[in-house]
Every structure is written in C-alpha cells, then in structure tokens.
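# What the coordinates show
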Amino acid sequence: MLRIVNIRIIDPDLFETSPTLRLFGGRERTTGRIVFPYAAEDERFERVPLPDRGTLWSYTVQRFMPKAPPYAGAEPFEPFAVGYVLLPGACIVAARLQCRSFSELRLELPMELTTLVLRRNDDVATVIYGFKPEGTPG
Amino acid sequence: MKHAYIIGAGIHPFGRTEGRSGLEQGALAARAALADAGLEWADIQVAYGGSDSAGRADTLVTQLGLTGVPFVNVLNGCATGGSALFGARAAIASDEFDLALALGFDKHPRGAFDPKPAEWGLPEWYGAAGLMVTTQFFAMKLRRYMSLFDITAATLARVAEKALHNGALAPHAWRRTALDMGTILASPMVNDPLTKYMFCSPAEGAVALILASEKKARELGRTQTRIKAVTLRTRPPGSFEVFAPAIDLTPGPSPTVIASRAAYEMAGLGPRDIDVAQLQDTEAGAEIMHMAENGFCEDGEQEHWLAAGRTRLNGQLPINTDGGCIACGEPIGASGLRQVYENVIQLRGVGGARQVPNKIRNAYSHVYGAPGLAAVVILGC
C-alpha cells in the first residue's frame with residue numbers, strides 16, 4: 001500500500017524546501033549584519049537566504065538523549081552529530097549533521113545544506129535543516 | 001579603593017545530602033561562617049545570596065533571625081556565587097555597611113540541566129532538534145580549541161585525574177575516590193571528546209562568606225584575607241556562549257577574558273603574582289581553556305603544563321586544589337563561593353592534606369556561567 005507521508009517543516013521562518021532548499025537568516029537593515037535565526041517580530045531585520053555551503057567550524061556527537069521536552073526527536077534514541085557550520089559572509093550556524101560515520105567529521109570539512117527527519121508520528125514527518133559533507137548523497 | 005576583608009567562611013559539604021534541603025544547607029553554611037568569624041547573625045548588616053534551583057535565599061531570615069537585614073537575591077546561573085560576592089563587596093566599598101554576608105547554595109536533581117527555549121529567548125525548534133544541550137557547547141568549544149592548539153585527550157584525562165585526586169583530599173568534596181587516566185579515558189563518551197569522568201555533575205552544596213570593611217576587620221583583629229579584586233562581566237560581542245544558534249564571523253573575547261583583565265587591573269597584579277587558582281572546570285576542557293583565558297599561559301601550553309604536573313598541588317601553579325567542579329559537583333549557586341572558600345583555606349594554611357606547600361601571596365578564582373557571565377575574585381594577604 002502506498003503510504004503518503006506529510007512533511008511538516010518545523011518552522012517556516014527557519015527554512016523552506018520548495019521551490020528550493022533554503023535556510024534563512026536575518027539581515028539588519030541598517031548595517032547589513034547577518035544573524036541566525038531570523039526573528040519575524042524584530043523589525044530591525046529582514047529575512048534573507050543564507051549560503052547553502054560552508055565549512056565545519058566545530059562538531060560533537062550527542063551520545064545521550066536530551067531532556068524531552070524540549071527535545072522532540074525520534075525514539076528510541078540513537079546518537080547524532082551536531083556542529084557549527086561557517087557560512088561565508090554570513091555567520092556560523094548551529095546544526096544537526098548528517099554523515100555516514102562520525103569519524104568522517106573534521107574541522108574545515110566542506111558542508112552543504114540538507115534536511116533531516118527529526119521524527120515520524122503516524123503519517124507526519126517533522127523535518128529540520130541540517131548540513132552534510134559536501135557531495136554526499138541526501 | 002575601599003578595602004574589604006573576608007573574616008569568616010563556612011561550607012556545607014558538597015555532593016548529595018538526603019533529607020536536607022538546599023535552603024537548610026545554606027543556613028548551615030551561614031551559621032558556620034558566622035561562628036568562624038566570631039559573630040552573630042544580628043551583626044550582619046547586608047546580605048547577598050542566591051540559588052538557581054533550591055529556593056529564595058532571602059527566606060532564610062526565618063531560620064537565621066528576623067533582624068530586618070537588607071537581603072538581596074542573586075540569580076546568575078553558574079556565576080551566582082561570584083555575583084553575590086560582587087554585591088557584598090560593593091556594599092562594603094560604598095561605606096554604608098561594615099559587615100556583609102555572601103551566600104550561595106543549590107540542590108539539583110540528578111541528570112542534565114533542564115532548559116526551556118522560551119525561557120532563554122530561543123525558538124522552540126532549537127530545543128526540539130536536540131541542539132539545546134549544555135554539554136554540546138562545552139564539547140564543541142573544546143573540539144575546536146584542541147584542533148587549533150594541539151591539545152590531546154590525554155591532557156583532558158590528566159585534568160580529571162588531578163581533580164579526583166584532589167577531591168579525595170578535600171573533606172567538602174563529593175567525589176572522593178581517585179581514578180586513573182585509563183579509567184577516565186575508557187568511561188562512556190558523553191559528547192565527544194568528553195567522557196563521563198571528565199564532566200562535573202549537578203549536585204548540592206552551600207557556602208557562606210562574611211565580609212568586613214577595613215575598619216571593622218582591624219577592630220576585630222581579622223585582616224588576614226583581603227579582597228584585592230572582584231569583577232563581574234557579561235558577554236561582549238562575538239563571544240561564543242552556550243545556547244547559541246549562531247556565532248558571529250568576527251570572534252570576540254569571552255566574558256572570562258574581560259573579567260580577568262579587569263581583576264588584574266583592579267588588584268594591580270599580573271598572572272605571575274598568583275600562587276593558586278580555582279578555575280571554572282565544568283568539564284576538563286574548560287579548565288584547560290580557562291588557564292589561557294585567565295592569562296596564566298598561552299594557548300597550547302596547557303599540553304606541556306599538565307604533562308609536567310605544573311598545576312598539581314605541589315606544582316608551580318596549583319589549580320582547583322579541592323578538585324573543582326569535577327570532584328565537588330556543580331550546585332551552581334554555590335560553586336563560585338566554594339572557589340573563594342577554598343582560596344581562603346589555602347591562604348590561612350589550613351588545607352590539611354590538600355594544602356599547597358608554596359607560600360601563597362595571592363589566590364585567584366574564576367567562575368563562568370550561561371548565558372555568558374564570568375566573575376573573578378583575587379584574594380591576598
């Protein structure tokens with residue numbers, strides 16, 4: 001039977017997947033300074049897409065399940081990688097990392113924007129932005 | 001500058017004390033400090049106290065005595081103790097008060113701290129995605145530092161081994177069993193590169209200090225321990241702090257660096273004048289990075305320092321002589337004052353098995369807390 005899975009973007013101000021995958025930041029109107037995330041209620045900033053490629057500034061592996069709430073990830077828990085990715089001309093953003101093996105992560109590794117499924121409930125998959133080593137399959 | 005002196009110090013053992021609330025531990029520490037100073041509660045003219053999770057410090061007047069004393073509650077995360085001391089010293093320096101109490105206590109349940117995004121002005125997705133975890137911040141700050149400055153995992157283990165060795169010698173510590181480096185390195189990984197025994201844990205404890213003006217200290221014949229500096233700073237632009245969805249491209253100094261520089265300037269001292277230091281060691285890497293941020297060495301020198309034992313009790317610059325947060329646990333309201341308490345003990349020469357053998361002229365302590373505050377205290381004789 002064909003199962004239709006609805007995709008729920010965790011926060012539409014944060015990123016969009018259509019027409020293309022884009023991560024958003026805020027650009028301070030007066031200074032051009034880029035911040036992340038974009039906060040719609042702060043009028044000093046306008047929403048702008050951030051670069052979709054960068055380099056790995058740092059990383060770690062989350063080996064234990066964070067307190068839930070606020071953590072709303074899949075259970076049973078499996079360790080996942082997190083890091084900071086330096087997006088040139090913008091800022092250094094925190095992100096979940098998608099990788100085949102934790103051992104492939106290293107500082108300065110070129111990374112590209114992707115999406116990850118945070119959890120699945122029934123037919124709804126909650127999706128968040130993430131980064132993966134450049135050139136690896138999605 | 002008006003001088004202030006520490007004339008009394010009291011501590012409730014850190015760790016886990018079943019059946020005794022954080023407030024009760026705070027009251028016991030306060031009474032112990034008063035007894036140490038030879039004073040009564042009615043002598044205290046102003047009080048600054050705080051706890052993150054164990055209640056309102058000012059309610060202790062019901063246990064200590066209804067004297068009408070001005071009692072200010074302090075809530076500054078891990079820097080609560082330092083902030084309480086900051087307030088108490090400023091009150092003495094204002095000339096309005098001669099005797100002040102600085103108190104910090106906490107009693108945390110087992111497990112990681114429990115932050116909610118909304119309380120920190122952060123969006124829900126940040127917590128939902130599993131990015132809002134304090135141990136991740138420490139691991140990532142450390143990972144970058146280790147890569148840039150060639151710090152190895154063995155050095156992390158040396159810090160933890162030293163902490164547990166010193167804790168075994170400190171009656172107020174929680175973890176009092178020494179462990180070897182192999183055991184520390186082989187323990188479960190929490191957030192790479194940090195293993196279980198390299199981290200502190202939330203716990204319980206209380207510390208109280210009695211401060212006196214110069215006039216009062218001379219009158220009481222208790223001028224042994226002078227406060228040479230207390231500085232408190234919040235984060236400047238570009239600093240990398242816990243719970244940060246993003247970091248500026250242009251790095252800035254940490255609040256530790258600016259608090260440290262201000263403290264040396266206030267005291268008219270430099271790092272070489274310091275004989276013992278208690279540095280925030282939320283985890284082993286934090287102690288290492290804080291050695292450089294507080295001006296004691298250049299980035300990367302820690303690798304050699306630790307291997308050479310320079311920071312052990314009998315080394316050139318003993319660091320975390322009671323085992324720090326790693327051995328004592330982290331009751332966040334109390335830790336900053338525990339560090340000062342330990343320096344008072346070391347300056348008095350009554351540290352027993354953990355007494356630093358070198359002559360101590362100046363003792364330094366540094367506490368750091370989310371969302372980016374640091375406090376530095378320099379004491380001297």
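Residues numbered from 1 in each chain as written. Chains lettered and ligands numbered in written order. Predicted model: local features only at pLDDT ≥ 70, side-chain atom pairs only at ≥ 80, totals over all residues. Heavy atoms only, no water.

## A word on the confidence of the model for chain B
- Per-residue confidence for chain B averages 95 on the pLDDT scale, and 99% of its residues sit at or above 70.
- Prediction confidence for the complex, expressed as pTM and ipTM, is 0.93 and 0.95 respectively. (pLDDT = per-residue confidence, 0-100.)

## What to know about the interface of chain A and chain B
- The partner chain B presents 31 residues to the 39 residues of chain A that form the contact.
- Contact with chain B buries surface across chain A, with Trp57, Pro70 and Tyr84 of chain A losing the most and accounting together for 20% of the total.
- The tally of links between chain A and chain B comes to 1 salt bridge.
- The tally of links from chain A across to chain B stands at 14 residue pairs in polar contact (both at pLDDT 80 or more).
- At the level of elements, strand S6 (53–62), strand S7 (80–86), strand S8 (92–97) and strand S10 (124–133) of chain A are the ones that each hand at least two residues to the side of chain A that touches chain B.
- With 6 residues, the single largest contributor to the side of chain A that touches chain B is S6 of chain A.
- Looking at the side of chain A that touches chain B, its residues break down into 28 nonpolar, 6 polar and 5 charged. (Contact = heavy atoms within 4.5 Å. Buried area = accessible area lost by both parts, 1.4 Å probe. Salt bridge = Lys/Arg side-chain N within 4 Å of Asp/Glu carboxyl O. Polar contact = N/O pair within 3.5 Å; in protein donor to acceptor, adjacent residues only side chain to side chain. Helix = DSSP H or I, 4+ residues; strand = E, 2+ residues; numbered from the N terminus. Nonpolar A, V, L, I, M, F, W, Y, C, P; charged D, E, K, R; others polar.)

## Remarks on empty space enclosed by the protein
- According to the stated counting rule, one finds 3 cavities of 30 Å³ or more in the structure shown.
- What the second largest cavity holds in volume is close to 70 Å³.
- Contributing to the lining of the second largest cavity are Tyr84 and Ala94 of chain A together with Tyr126, Leu131, Val133, Gln136, Phe137, Met140, Val242, Phe243 and Ala244 of chain B.
- With 3 residues, the top contributor of residues to the lining of the second largest cavity is helix H5 (residues 134–149) of chain B.
- When grouped by side-chain class, the residues that make up the lining of the second largest cavity number 10 nonpolar, 1 polar and no charged. (1 Å grid on protein atoms, 1.4 Å probe; cavity = no way out; pocket = protein on both sides within 12 Å on 5 of 7 lines; lining within 4 Å. Points joined across faces, edges and corners; volume = space filled by probe spheres on them.)

## Description of the pairing of S7 of chain A
Residues and elements named next belong to chain A.
- In terms of burial, S7 is largely enclosed, as 6 of its 7 residues are buried.
- The pairing of S6 with S7 spans 7 bridges and is classified as antiparallel. Note on S7: the bridge partner recorded for Tyr59 is Gly83.
- Bridge count between S7 and S8: 6 bridges; the pairing is antiparallel. (Buried < 20%, exposed > 50% of the residue type's maximum accessible area, 1.4 Å probe, protein only. Pairing = 2+ DSSP bridges.)

## Structural notes on the packing of helix H6 (residues 153–167) of chain B against helix H10 (residues 284–293) of chain B
Residues and elements named next belong to chain B.
- Viewed as axis vectors pointing N to C, H6 and H10 meet at an angle of 100 degrees, and their least axial separation amounts to 8 Å. Comparing their axes, H10 and H6 come out roughly perpendicular. Touching Thr155, Leu156, Val159, Ala160 and Lys162 of H6 are Ala284, Gly285, Glu287 and Ile288, all from H10. (Axes fitted to C-alpha atoms, helices over the stretch in contact; angles between N-to-C directions. Parallel < 35°, antiparallel > 145°, perpendicular 65-115°, else oblique.)

## Side note on the environment of Lys2 of chain B
All names here are of chain B.
- Examined against the element boundaries, Lys2 turns out to sit in the segment before strand S1 (4–15).
- For the pair Lys2 and Ala93, spaced 91 residues apart in the sequence, the C-alpha separation amounts to 5.1 Å.
- If we skip the residues at most four places from it in the chain, Lys2 touches Arg89, Ala93 and Asp95.

## Points about the side chain of Gln355 of chain B
Residues and elements named next belong to chain B.
- Inspection of the secondary structure puts Gln355 in the loop between helix H13 (332–348) and strand S11 (362–369).
- A distance of 2.7 Å separates a polar atom in the side chain of Gln355 from the backbone nitrogen of Gly351.
- In this view, Gln355 contacts Ile345, Gln346, Gly349, Val350 and Ile360; residues no more than four positions away in its chain are not counted.

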